[in-house]
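Results of the structural survey
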Amino acid sequence: MIGQDGGVPIPPLRRAPVQRRSAERLGRILDACAELLDETGYEDLSTRAVAERAGVPIGSVYRFFSNKRAMAEALAHRNLDEYAARVTERLAASGADGADGGGWREAMDVVVDEYLAMKRGAPGFALVEFGMPVPVTATPDQPNHLVADRLRELLGERLGLEESGEAGERVRVAFLLAVEAADALLRLAFRVHPEGDPVIVAETKELLRAYLAGVLD
C-alpha cells in the first residue's frame, strides 16, 4: 500500500496470519505492545516484554515482526483501521450523510470526536496514533496522507464528493490540509490539557467548517 503522495510503502507483516488462532495471537501481541507503550514508552519497549505480556513465545513475535519498530507500525495501521470503523459506525448511527444540509459538518464533528475518544482511551494511541511514535521521529507527513485518503474514501460516496478531474483533486488537497491543520491544533489541545483543551477543540471544529465550506458546500 502506498500513500497518495507516492511515499514509501507500508511494510507488510513478515508472515500474514492464515488461521484464526494465528490471527488471535497477532491481536494479543499488538494489544500487549499498546499497553507497554503506555507504561514504558517506545524507547524501553522490547519484543521480549511484549511476548511475555501477550503470553506467547518470543518466536511468535518474530514470526510477524522483525523488530519493535515494525510492531509499532503495525499497531499504527491497526489504529487507522479502528478509527475508520468507529467513524463509519457513528455516521451510520447519526444519519450524518448527504451533501446538502449540514451533513458534512456533522461528519467532520464525528471525525474529530472519534479521534479525541481514541486519544483519551485507546491503549498506546497517545504515542503511536496513525504513524510512528511521536517522540521518536521528526513529524512525518505520510501518516496524515493515509488518514486524509482514508477519510476521503470513507466519506466520498456518503457526502457525494467529486473523485476525478480538477474538482476531485481539489477535494483531495482539501482533506489533506484539513487533516494537517486538525493534527497540529489537536496536538496543541493535548499539550495545554491532558484531556484536550475544550476551547481549542471547539475552535478546531470551527476552523475545519470554515475552510471546508468553500469546497464541500
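Since this is a predicted model, take the numbers as computed values, not measurements.

Criteria and thresholds
- Residues numbered from 1 in each chain as written.
- Predicted model: local features only at pLDDT ≥ 70, side-chain atom pairs only at ≥ 80, totals over all residues.
- Heavy atoms only, no water.
- Phe/Tyr/Trp six-rings, centres within 6.5 Å; stacked < 30°, edge-to-face > 60°.
- Buried < 20%, exposed > 50% of the residue type's maximum accessible area, 1.4 Å probe, protein only.
- Lys NZ or Arg CZ within 6 Å of the ring centre and 35° of its normal.
- Patch = residues over 30% accessible without salt bridge, like charges linked within 9 Å, V, L, I, M, F, W, Y side chains within 5 Å.
- Areas by Shrake-Rupley, 256 points an atom, 1.4 Å probe, with all protein chains shown as cover.
- Salt bridge = Lys/Arg side-chain N within 4 Å of Asp/Glu carboxyl O.
- Helix = DSSP H or I, 4+ residues; strand = E, 2+ residues; numbered from the N terminus.

Here we come to the packing of aromatic side chains. In the structure shown here, the tally under the stated rule is 5 aromatic pairs. Aromatic pair F64 and F65: ring centres 6.2 Å apart, planes at 55 degrees, arrangement tilted. Classification of F64 by relative accessible area gives buried; the value is 2%. Given the relative accessible area of 2%, F65 is considered buried. A centroid spacing of 5.3 Å and a plane angle of 80 degrees characterise the contact between F125 and F130, whose relative ring orientation is edge-to-face. Residue classification places F130 among the buried residues on the basis of a relative accessible area of 8%. Every member of this aromatic cluster is reached through a ring pair, and the members are Y83, Y115, F125 and F130. One Lys or Arg, K119, reaches over the ring of F190 and ends 5.5 Å from the middle of that ring.

A few words on a nonpolar patch on the surface. Together, V173, L177 and Y211 give the surface a local cluster of nonpolar side chains, amounting to about 240 Å² of exposed area. In this fold, V173 is placed in helix 8 (residues 165-192).

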